[in-house]
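# What the coordinates show
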Amino acid sequence: MKARITVTLKSGILDPQGKAIEGALKSLGIAGVASVRQGKVFDIEIEGSDRKAARAALEQAADKLLANTLIENYQVDLK
Amino acid sequence: MKSAVIVLPGINRERDMARALTLISGRAPAMVWHADTALPRGTDLVVVPGGFSYGDYLRCGAIAARAPIMGAVRSHAARGGLVLGVCNGFQILCEAGLLPGVLMRNAALKFICRDVYLRVERSDTPFTRGYNAGQVIRVPVAHGEGNYVADQDTVVRLEGEGRVLFRYAAPDGALDPAWNVNGATNAIAGVLNASGNVLGMMPHPENHVEAALGPTDGRGLFAGLADHFKQAA
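Residues numbered from 1 in each chain as written. Chains lettered and ligands numbered in written order. Predicted model: local features only at pLDDT ≥ 70, side-chain atom pairs only at ≥ 80, totals over all residues.

With that settled, the discussion passes to the overall build of chain B. When you go through chain B residue by residue, the secondary structure sums to 5 helices and 11 strands. Here the C-alpha radius of gyration of chain B, 16 Å, is about what a compact globule of 233 residues would show, namely 17 Å. Considered along the principal axes of its C-alpha atoms, chain B spans approximately 45 × 40 × 35 Å. Within chain B, the fraction of its 233 residues that count as buried is 56%. The long-range share in chain B, meaning contacts at least 24 apart out of those at least 6 apart in sequence, stands at 75%. (Helix = DSSP H or I, 4+ residues; strand = E, 2+ residues; numbered from the N terminus. Rg over C-alpha atoms; globule rule 2.2 N^0.38 Å. Buried ≥ 20, exposed ≤ 12 C-beta atoms within 10 Å, placed from the backbone. Contact = placed C-beta atoms within 7 Å.)

A few words on the overall build of chain A. Along the backbone of chain A there are 2 helices and 3 strands. Each helix (α) and strand (β) of chain A, taken in turn from the N terminus, gives the series β-α-β-α-β. For chain A, whose C-alpha radius of gyration is 16 Å, the value lies well above the compact-globule estimate of 12 Å for 79 residues. When the backbone C-alpha atoms are referred to their principal axes, chain A occupies close to 45 × 25 × 15 Å. The long-range fraction of contacts in chain A, counting pairs at least 24 apart against all pairs at least 6 apart in sequence, stands at 65%.

All names here are of chain A. Spatially, β2-β1-β3 is the arrangement adopted by the 3 strands of the open sheet, whose pairing is antiparallel. In this open sheet, the two strands that pair with only one neighbour each are β2 (39-45) and β3 (72-78). The average undirected angle you get between the axes of adjacent strands in this sheet is 15°. In this structure, strand β1 (residues 2-9) lies alongside β3, joined through 7 bridges in antiparallel fashion. Looking at the pairing, Leu9 lines up with Glu72 of β3. Together, β1, β2 and β3 form the strand contacts of helix α2 (residues 51-66), whose direction differs from that of β3 by roughly 160°. (Pairing = 2+ DSSP bridges. Axes fitted to C-alpha atoms, helices over the stretch in contact; angles between N-to-C directions.)

In this section: the environment of Asp36 of chain B. Residue and element names in this part refer to chain B. For Asp36, the position within the fold is in the loop between β2 (30-33) and β3 (45-48). In this structure Asp36 comes out as partly exposed when scored by C-beta crowding, with 16 C-beta atoms within 10 Å. Between the alpha carbons of Asp36 and Ala67 there is a distance of 8.9 Å; along the sequence they are 31 residues apart. Contact partners of Asp36, with chain neighbours within four places excluded, come to Pro68 and Ile69.

In terms of nonpolar packing, the biggest core is built from 79 residues, with Ile6, Val83, Leu93, Leu118 and Ala189 of chain B touching the most fellow members. Beyond its immediate stretch of four places on either side in the chain, Leu93 of chain B contacts Val48, Val83, Gly85, Leu98, Leu99, Val198 and Gly200 of chain B. If you look at the next biggest cluster of nonpolar residues, it comprises 7 residues, including Ile5, Val7, Leu58 and Ala67 of chain A. (Core = buried A, V, L, I, M, F, W, Y, C linked by C-beta atoms within 7 Å.)

Now for the interface of chain B and chain A. With 9 residues of chain B in contact, the opposing surface of chain A contributes 8 residues. Grouping the amino acids of the side of chain B that touches chain A by side-chain chemistry returns 5 nonpolar, no polar and 4 charged. (Nonpolar A, V, L, I, M, F, W, Y, C, P; charged D, E, K, R; others polar.)

A few words now on the sheet that holds strand β7 (residues 136-143) of chain B. All names here are of chain B. Pairing is mixed in the open sheet, where 9 strands are placed in the order β2-β1-β3-β4-β11-β10-β9-β6-β7. Edge strands, defined here as strands with exactly one partner in the open sheet, are β2 and β7. Adjacent strand axes in the sheet meet at a mean angle of 25° when their direction is disregarded. Bridge count between strand β1 (residues 3-7) and β2: 4 bridges; the pairing is parallel. Bridging from a neighbouring strand, Ala4 pairs with Ala30 of β2.

With 14 residues, helix α5 (residues 219-232) of chain B extends 20 Å between its outermost C-alpha atoms, agreeing within 8% with the 20 Å of an ideal straight helix rising 1.5 Å per residue. Against α1 (14-25), β3 and β7 of chain B lie the buried residues of α5 of chain B. (Expected span 1.5 Å × (residues − 1).)

Have a look at this one:
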């Protein structure tokens, strides 16, 4: 099974990298960019076909390592 | 003082740390590999040194914080043993949940490698007894992610409980945003855990301990720790 975990900064956490990217997009003249927040995407292959177990494992992976839940939120998508 | 320096892949300040500990405490530390699961018997002080563990992959310190040896470091801390994390070591202790908060990208987005001035906020801890409260020391920093951030409740608690031991300051000790090199919340450069036995700090006291290399303001931290254990013995 293929899965994707998306990790994003919580709102209110300053994102200087996102700000720098936002500035670069604006200086490229790309229209309508109001703001940018940078995050991370993890594409993960899970063995077996037990979706419930897979989801539990992915949530454990996100909680224990992939996201720092002090500053980040995550979303698990199982395809 | 029996100290142990944790060695992780990508760490590069472990020898500076070992040199400072040996020079000032008179006893060479044990160098403990990340894949080990136990600290040497009788370890007083564990030091997690600076560097770029695992190439700063994922988040600074995130992978190192899950290394096998960290279980032993966590138990040592839970028993009241002293733990010092410097630079990447500070990031690792935060990621391991031994210290609150997180070190974010420097506010100006640049890697900073220079001397800074720190105001020592308290002298009544094992880590800072070699200094006077209010004393200003000069030590170097070298980091890209040293901008200390914690939620507001945590910051209020840290301040209320006197757990900020070092702040970035002007040479006269005044707090001034211009001297807060990485934009850290409340200019926090070093914080204690709730029980006062785990300290994380971004600056490198181990690099200012020998007159041949410049200022020796870092000595006070190691001398204080050595005194602490001498008195306890």
